Every structure is written in C-alpha cells, then in structure tokens.
Amino acid sequence: MMYGVRCAARFASGRSHRSSREFFAVNGYAVVENAFSAASLEKLRSRVSLLIDQWQPSSSELAVFQTGADQTQTTDAYFLDSGDKVRFFLEKGAVDSDRRLLRAKADSINKIGHALHDLDPVFRDFSYSPAMKALADITAIEQPLLLQSMYIFKQPLVGGDVTPHQDNTFIYTEPNSCVGIWVALEAATKENGCLWGIPGSHSQPIETRFVRDPAQPNSRVIFDPSDYRDPDCRWPEDMFQPLEVEAGTAVLLHGNFVHRSYPNLSAKSRHAYTLHLISGKSHYPANNWLQRPPSMPLKSFD
Ligand code: FE2
C-alpha cells in the first residue's frame, strides 16, 4: 500500500485561506495555529468542570468508552442513544466489577459526547462561531451540518489510546462527506498522546462501516463487513506522523484520513474538543450508529 507521505506543514493564522485549502486537499489534513484564543478555550474548560460537578451518575450510567474491535462488545444503549444528548464515557478501568468509580469522577472520564454543540450554550457559541465556520471553509465541505461533538480528556497516566481509523467508518454518508475539526485545548505532544496521521491516506477508501446490528439495532453495533481486520496490519505504525500542536490550534481531518493516538502515559492531561460535520448534500443512512431524532434537526453555521 503506497501513500504520498509528506512533511507535516503548519499554517499560522496569517497563512492564506487558499494555501490551507490546497494543503488539506493534497494531504487530507491541515494544522491551523492560533485558531482560537486562550480566553475562548478557558470558557470551555470552565464549563466542563461545571458539567462534571453537576453529573451524578447512577451505576447504569457508568459506561466505558473503547475503540477498536472491543467496541462491538461493550457498546450499549447509553452509547447508542447519545447522539442527541450530553453523556459521559469513562476510561477503561475506571470502575470496579460492581460499577463503582475507583477514582474521582473528574479523573475517570474519557470523553463527553455527542451533542454538546446543540445542547450546551457555551459549547453552542463556540461550535457555531465565525472562527469555526472559517475552519470548515478550508475543508471545502458543502452545506456543512454539525453532527457530533466530543470533549476528550486524555487523562494523565490513564488516558487510553484511540486505534487507527478513518472517521468515515463511523460517520458515513453517501457520498462520503465527514470532516473533523479537532481543537487542542491544551498542548498536545507525543508524551501526552497527540494525534498521529498518515499524510495522503485520505485517498484510500474506507474498508468498513460501524453500523447498528440489524438483529439488535438499539443495543449493539458491528463493523460491516464482518471480516474487520487488525488496523495495525492495514496501516503500519511507521507511516504515522505526529501532529504535535499548541493550545488553540485546530487540526482539520478529512473523513478518510487515517489517524490515531497513543495512550497518555505522562503526568499532563491533553484536553481537546472535536466537531464532526457532514454535508447537507449527502445521504445519512438510518443504520449509522449515531442518530438524531426529527425533533432535533442538524444545523449549519448561519
Ligand atoms: Fe477520528
């Protein structure tokens, strides 16, 4: 398998819109420095602290988030119903066999998802901001709709890895249209689990879809086709390039761009906020894992 591996280029905010667009089109990603101010990042972090304080989970709500093949075995209704909610997902090993938290809840959360951008006023303002719209424009997505949001913690010492994947596997449209906007709320380095990606890999098609199991559509998801292969075999580790960035930087990801992150084994957290957009010109299938009810239609920036 051949990819056009190129050096990771960085775009300061003063770099022209056109050159960022061209870089994204060729490489499947773009790094935009100084996309957001320190003050706007602090608003998100403060808001999340408040949301955690207010979160009083029952034992049934203590759901663990996992990636890779394990996903199909651990997913439950709490995850499948989260497309129009604000829900909290825990790190692996955060709860004991009786579903009791082993650490403080603020230190146990893997991520919060998946509709912060529509349900929380602080995240709504950030997600629908002119700055975010300008980032979406760089990807050239047509009629962008804000589908999904996640606040990712990558906790110190315990923050789990995210296995190699293409976002179009999870957010599938016909034709493919998903674009990710990943915002570093703290510096992301190789030590604390930054993104890694394969430049040019967006030219490769997706090989599987993450869909609701036809036999149990409300309680189980599967990879389709069922011969889901070990992603480490498909995408050799030495092809990935680190995307180390400062707080306030945005990384734009084409839906076919192969990316991953390693565990955070450092003492520093690596908070990030991600938005996933789809095109209003594409069809969104009913068997995608993430669904929104008709009462909560997707919206664009304007
Ligand atoms: Fe991703």
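Novice: Which residues make up the overall build of the chain, and what are the values?
Specialist: For the chain, the helix and strand inventory stands at nine helices and 14 strands. Put simply, the chain has 302 residues, and 54% of those count as buried. For the chain, the proportion of contacts with a sequence separation of at least 24, taken over those separated by at least 6, is 81%. Accessible area for the chain stands at about 13,100 Å²; split by element, carbon and sulfur atoms hold 52% of it.

Novice: Explain the sheet that holds strand β6 (residues 162-165) to me, using residue names and the numbers behind them.
Specialist: In space, the four strands of this open sheet follow the order β6-β13-β8-β11, with antiparallel pairing throughout. Each edge of the sheet is formed by a strand with only one pairing partner; in this case those strands are β6 and β11 (241-243). Going from strand to strand, the sheet's axes swing by 25 degrees on average, the running direction of each strand aside.

Novice: Let's hear about the coordination of the iron ion: which residues, and what values?
Specialist: Around a metal, the perfect tetrahedron of four donors has angles of 109.5 degrees, and the perfect octahedron of six donors has angles of 90 or 180 degrees. The iron ion binds to the protein through H165 (NE2), D167 (OD) and H259 (NE2); the donor distances cover 2.1 to 2.2 Å. Of note, the donors binding the iron ion are all from one chain and are spaced H-x1-D-x91-H. In this pair, D167 is assigned in helix α8 (residues 167-170) and H259 in strand β13 (residues 259-261), connecting sequence segments 92 residues apart. Like H259, D167 is buried.

Novice: A description of the pairing of strand β1 (residues 29-32) should follow, citing residues and the corresponding values.
Specialist: Side-chain positions along a regular strand alternate between the two faces of the sheet. Burial of β1 is two-sided: the residues Y29 and V31 facing one way and the residues A30 and V32 facing the other way are all buried. Direction of pairing for β1 relative to strand β12 (residues 250-254): antiparallel, over a ladder of four bridges. Residue pairing for β12: V32 is matched across the bridge by A250.

Novice: Got a sec to walk through the nonpolar core? Specific residues and values, please.
Specialist: Within soluble globular proteins, side chains that are nonpolar generally end up buried alongside one another. Counting residues in hydrophobic clusters, the biggest one holds 76 residues, and the most contacted among them are M132, L135, I181, W182 and V183. Those residues in contact with L135 that sit more than four places away from it in its chain are V32, A35, F36, I181, A250 and L252.

Novice: I'd like a description of the packing of aromatic side chains, backed by residues and values.
Specialist: Summed over all chains, the structure comprises 16 aromatic pairs. Ring centres of W55 and F88 lie 4.4 Å apart, and the angle between their planes is 10 degrees; on these two criteria the pair is classed as stacked. Within this pair, whereas W55 is found in the loop between α2 (38-54) and β2 (63-64), its partner F88 is found in strand β3 (residues 86-90), the two being separated by 33 residues in sequence. Judged by centre distance (6.1 Å) and plane angle (85 degrees), the ring pair of F123 and Y151 falls under edge-to-face. With a gap of 28 residues between them, F123 in helix α6 (residues 121-127) and Y151 in strand β5 (residues 144-152) connect regions that are remote in the sequence. Take F123 and Y151: they sit in the same class, and that class is buried. An aromatic cluster of three or more residues is present, and its members are F36, F123, F126, Y151, F153 and Y273. Above the plane of the ring of F89 lies K111, whose end atom (NZ or CZ) is 5.7 Å from the centre. A cation over an aromatic ring shows up here: R260 above the ring of F240, its NZ or CZ 5.2 Å from the ring centre.

Novice: Give a description of unusual backbone geometry that names residues and reports values.
Specialist: The amide bond that connects G113 to the next residue, H114, takes the cis arrangement and shows omega of 5 degrees. With respect to the element layout, H114 can be found in strand β4 (residues 109-114). Phi angles above zero are rare outside glycine, and Q143 is one such case at about 45 degrees. Residue placement: Q143 occurs in the loop between α7 (130-139) and β5. Even without being a glycine, K154 presents a positive backbone phi close to 45 degrees. Among the residues examined, K154 registers a relative accessible area of 3% and is labelled buried.

Criteria and thresholds
- Numbers given to residues run from 1 along each chain, matching the order in which its sequence is written.
- Per-residue local features are limited, in this predicted model, to residues with pLDDT of at least 70; the limit for side-chain atom pairs, both in listing and counting, is 80 or more; totals at the level of whole chains, interfaces and linings are taken over all residues.
- Derived side-chain values reflect all non-hydrogen atoms in the structure, with water molecules and hydrogen atoms excluded from consideration.
- The way it works is that DSSP assigns letters per residue, a run of H or I at least four long becomes a helix, a run of E at least two long becomes a strand, and they are numbered from the N terminus.
- Buried, partly exposed and exposed residues are distinguished by accessible area as a fraction of the type maximum, computed with a 1.4 Å probe on protein chains only: under 20%, between the cut-offs, and over 50%, respectively.
- Residues are treated as being in contact if the distance between any of their heavy atoms lies within 4.5 Å.
- For accessible areas, the Shrake-Rupley method is used with a probe of radius 1.4 Å. Any residue's cover is judged against the shown protein chains and nothing else.
- A pair of strands is treated as paired once DSSP finds two or more bridges between them.
- Here an axis means a line fitted to C-alpha atoms, over the contact stretch when the element is a helix, while the angle between two N-to-C directions is reported on a 0 to 180 degree scale.
- Water is not among the atoms examined, so metal sites may look incomplete; donors are the N, O and S atoms within 2.8 Å of the metal, or within 3.2 Å for Na, K and Ca.
- As used in this record, nonpolar core signifies buried Ala, Val, Leu, Ile, Met, Phe, Trp, Tyr and Cys residues forming a set joined through side-chain atoms within 4.5 Å.
- Any pair of Phe, Tyr and Trp rings, taking the six-membered ring for Trp, is counted once the centres come within 6.5 Å. Such a pair is stacked with planes under 30 degrees apart, edge-to-face with planes over 60 apart, and tilted for the rest.
- Should the NZ of a Lys or the CZ of an Arg lie within 6 Å of a ring centre and within 35 degrees of the ring normal, that charge is described as sitting over the ring.

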